[in-house]
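# Chain and residue survey
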Amino acid sequence: MTRGSILWGTTRHVPRQHIERIAIAGGDDCPSGESGGYRREREIKLGAWVGNQRSRAATLSRERTERLSAIGMRWT
């Protein structure tokens, strides 16, 4: 997976309860002041996020809907 992108399959269903765990590389926010090797995990409620984007589609900016569509967002 490319950093900063989500790969969507055209037949992939993301249940609302789905949580994606991602590792974030450290930097300026590293507690010990070190950079590079520090990593922390974060949980993203991907299913809820996808559902929210779909339910708010009519109010999203054109740029946002185009960018989501470009990465394969299914709106129905």
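Small disclaimer: the values here were computed from a predicted structure and weren't measured. (Residues numbered from 1 in each chain as written. Predicted model: local features only at pLDDT ≥ 70, side-chain atom pairs only at ≥ 80, totals over all residues. Heavy atoms only, no water.)

This next bit is on the overall build of the protein chain. Counting its secondary structure elements, the protein chain contains two helices and two strands. Listed N to C, the secondary structure of the protein chain is β-β-α-α in terms of helices and strands. When the 76 residues of the protein chain are sorted by exposure, 17% land in the buried category. Long-range pairs, those at least 24 residues apart, make up 37% of the contacts in the protein chain between residues at least 6 apart in sequence. Carbon and sulfur atoms form 48% of the exposed surface of the protein chain, whose accessible area is close to 6200 Å². (Helix = DSSP H or I, 4+ residues; strand = E, 2+ residues; numbered from the N terminus. Buried < 20%, exposed > 50% of the residue type's maximum accessible area, 1.4 Å probe, protein only. Contact = heavy atoms within 4.5 Å. Areas by Shrake-Rupley, 256 points an atom, 1.4 Å probe, with all protein chains shown as cover.)

Within the fold, glutamine 53 resides in helix H1 (residues 46-55). Taking relative accessible area as the criterion, glutamine 53 reaches 6% and is therefore assigned buried. When neighbours within four sequence positions are excluded, glutamine 53 is seen to be in contact with Leu60, Arg64, Leu68, Met73 and Trp75.

Those residues of H1 that fall on the buried side of the exposure criterion are Leu46, Gly47, Ala48, Val50 and Gln53. On its buried face, H1 sits against strand E1 (20-25), strand E2 (39-44) and helix H2 (62-70).

This part covers the confidence of the model for the protein chain. Taken residue by residue, the protein chain gives an average pLDDT of 78. The fraction at 70 or more is 68%. Predicted confidence in the protein chain is weakest over E1, with a mean pLDDT of 87, and strongest over H2, with 95. (pLDDT = per-residue confidence, 0-100.)

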